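Below, each chain spelled out in residue letters.
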Amino acid sequence: MTRAVVLGHGNVGGLLAGLLAASGWETVAVDASPPSGEPAAGAAGHPRVLHADVTAAPPGVREELARADVVCVAVPERTALAALDVLERHTAPHALVVETLSHKARFQAAAEQRLAPRPLLSLNPLFHPSLGWRGNTVTVSGVREDTAAHALLELIDGAGARVHRMSHADHDRCVTSVQAVTHAAVLGFAQALPRLGLSPQDVAACAAPPTRTLLALAARLLTADPETYWDIQDSGAGADAARTALRGSLAHLDETVGAGGEDAFRALFGELRDWFDGHLDGSAEDAAALFRTLLDHGGTDP
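For the structure given in this document, a descriptive report is provided here.

Thresholds applied
Residues numbered from 1 in each chain as written. Predicted model: local features only at pLDDT ≥ 70, side-chain atom pairs only at ≥ 80, totals over all residues. Heavy atoms only, no water. Buried < 20%, exposed > 50% of the residue type's maximum accessible area, 1.4 Å probe, protein only. Helix = DSSP H or I, 4+ residues; strand = E, 2+ residues; numbered from the N terminus. Arc of directions from axis to C-beta. Core = buried A, V, L, I, M, F, W, Y, C linked by side-chain atoms within 4.5 Å. Contact = heavy atoms within 4.5 Å. Expected span 1.5 Å × (residues − 1). Axes fitted to C-alpha atoms, helices over the stretch in contact; angles between N-to-C directions. Parallel < 35°, antiparallel > 145°, perpendicular 65-115°, else oblique. Nonpolar A, V, L, I, M, F, W, Y, C, P; charged D, E, K, R; others polar. Patch = residues over 30% accessible without salt bridge, like charges linked within 9 Å, V, L, I, M, F, W, Y side chains within 5 Å. Areas by Shrake-Rupley, 256 points an atom, 1.4 Å probe, with all protein chains shown as cover. Salt bridge = Lys/Arg side-chain N within 4 Å of Asp/Glu carboxyl O. Polar contact = N/O pair within 3.5 Å; in protein donor to acceptor, adjacent residues only side chain to side chain. Phe/Tyr/Trp six-rings, centres within 6.5 Å; stacked < 30°, edge-to-face > 60°.

Spacing of three or four residues puts side chains on the same side of an α-helix, whose turn is 3.6 residues. Of all the positions in helix 5 (residues 105-114), only Phe107, Gln108 and Ala111 are classed as buried. When helix 5 is viewed along its axis, its buried side chains cluster within an angular range of 90° and face the same direction. Turned more than 90 degrees off the buried face of helix 5, the exposed positions are Ala109 and Gln113.

Our next topic: the nonpolar core. Counting 29 residues, the largest nonpolar core has Leu121, Leu123 and Trp133 as its most contacted members. Mapped by element, the contributors of at least two residues to this core are strand 1 (3-7), helix 1 (11-22), strand 4 (70-73), strand 5 (96-99), strand 6 (120-125), strand 7 (137-143) and helix 6 (147-158). A total of six residues in this core trace back to one element, the largest contributor, which is helix 6. Setting aside anything within four residues of it in sequence, one finds Leu123 in contact with Leu16, Val98, Glu99, Thr100, Leu101, Lys104, Val138, Thr139, Val140, Leu152, Leu153 and Ile156. Counting residues in each nonpolar core, the second largest holds 24 residues, with Ala57, Val61, Ala68 and Val73 among its members.

Further remarks concern helix 6. Taking 1.5 Å of rise per residue, the 12 residues of helix 6 would be expected to cover 16 Å, and the 16 Å separating its terminal C-alpha atoms lies within 8% of that figure. By the burial criterion, the buried members of helix 6 are Ala148, Ala149, Leu152, Leu153, Leu155 and Ile156. Viewed end-on, helix 6 has its buried residues packed into an arc of 155°, placing them on one side of the element. Facing away from the buried surface of helix 6 by more than 90 degrees, the exposed residues are Thr147, Glu154 and Gly158. Tucked inside the fold, the buried residues of helix 6 contact helix 1, strand 4, strand 5, strand 6, strand 7 and strand 8 (162-165).

Note on backbone geometry: most residues besides glycine have negative phi, and most peptide bonds are trans. In the segment running from Ala116 into Pro117, the intervening peptide bond is cis, with an omega of 10°. The residue Pro117 is located in the loop between helix 5 and strand 6 in this model. If you check the backbone angles, Ala57 has positive phi at about 55° while not being a glycine. Tracing the backbone through its elements, the reader meets Ala57 in the loop between strand 3 (48-51) and helix 2 (59-67). A relative accessible area of 0% places Ala57 in the buried class. In this structure, Arg144 takes a positive phi of about 55° despite not being glycine. Residue placement: Arg144 occurs in the loop between strand 7 and helix 6.

Here the focus is the packing of helix 7 (residues 168-195) against helix 9 (residues 209-222). It is the contact of helix 7 with helix 9, at a shortest axis distance of 9 Å, that shows an interaxial angle of 105°. Looking at the two axes, helix 7 sits roughly perpendicular to helix 9. Only Thr211, Leu214, Leu215, Leu217, Ala218, Leu221 and Leu222 of helix 9 make contact with helix 7, whose side of the interface consists of His183, Val186, Leu187, Phe189, Ala190 and Leu193. Grouping the amino acids of the contact of helix 7 with helix 9 by side-chain chemistry returns 11 nonpolar, two polar and no charged.

On to a nonpolar patch on the surface, then. Taken together, Leu250, Leu253, Val257, Phe265 and Phe269 make up a surface patch of nonpolar side chains, about 440 Å² in accessible area. Locating Leu250 in the fold gives a position in helix 11 (residues 237-276).

It is worth spelling out the side chain of Arg118 at this point. Mapping Arg118 onto the fold places it in the loop between helix 5 and strand 6. Here the side chain of Arg118 touches Thr91 through a polar contact of 2.8 Å, side chain to side chain.

Okay, the environment of Gln191 next. Tracing the chain through its elements places Gln191 in helix 7. The spatial distance from the C-alpha of Gln191 to the C-alpha of Ala218 is 9.8 Å, given a sequence separation of 27 residues.

A few words now on the packing of aromatic side chains. For the structure on display, the rule yields three aromatic pairs. The interplanar angle of 45° and the centroid separation of 5.2 Å between the aromatic rings of Phe265 and Phe269 together place this pair among those described as tilted. Here Phe265 pairs with Phe269, and both are found in helix 11, just four residues apart, close to one helical turn. A relative accessible area of 41% means that Phe269 is categorised as partly exposed.

Given below as structure tokens:
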């Protein structure tokens, strides 16, 4: 039986630990303050949960790490970097180390040397864990991949996720930038409403489907742990460039409307349509499906 230790039992750690335990792996999750209501220790198909600081590794955690075939690091970046000493000292030389960070460069640069010869696997589930694996994308890159890495990827694929291979550098160039600009745009929208002096009651009452969608995205983000989104916005040059590009785009739009006139505005539409390069109709259909779902849902009374 494959033995796995998952450091972190929050959203992503819980998602991974649940998949491994349900697949028959002997799974232990370690978290200083895991969510309440986890199943009792030893419940079939569920991980055993240890309450401990993953960076301190008391004796019980050290024993579990030493026995593990796979160790998943599903904690914020600063905690993952602080846990490198524990991983280096207490995991077996053959153990696969898996990380799930939003930004890969800093951890991987240290881990490739300090954790050698251990195989390394980098995952990033690009969805909120409450949505489940099916139909969602997980990015993957690896160093010294082994049979345990392939077995884990088979489990993820079998759960219905779309596995997308890319290098660490390409991940940080593309995924980090896209996540940063997406969440920055949503936070910027949410900040603009009170700046305009608008009440949430009036905005909700008058919201057309696109506005309802943005409100829903903002609410989804704001009801989550800010640490997740801080890691994305604080992830270095890619995130900085994303916010700079967003500011520049808004400035260009302002200039287009103020000085360019309708012809310049139409030209901007044409440039953006060209950028979609064949994906425009599919994305527009996604929006229509979202709007229909919102209308069917009804929403809350403003």
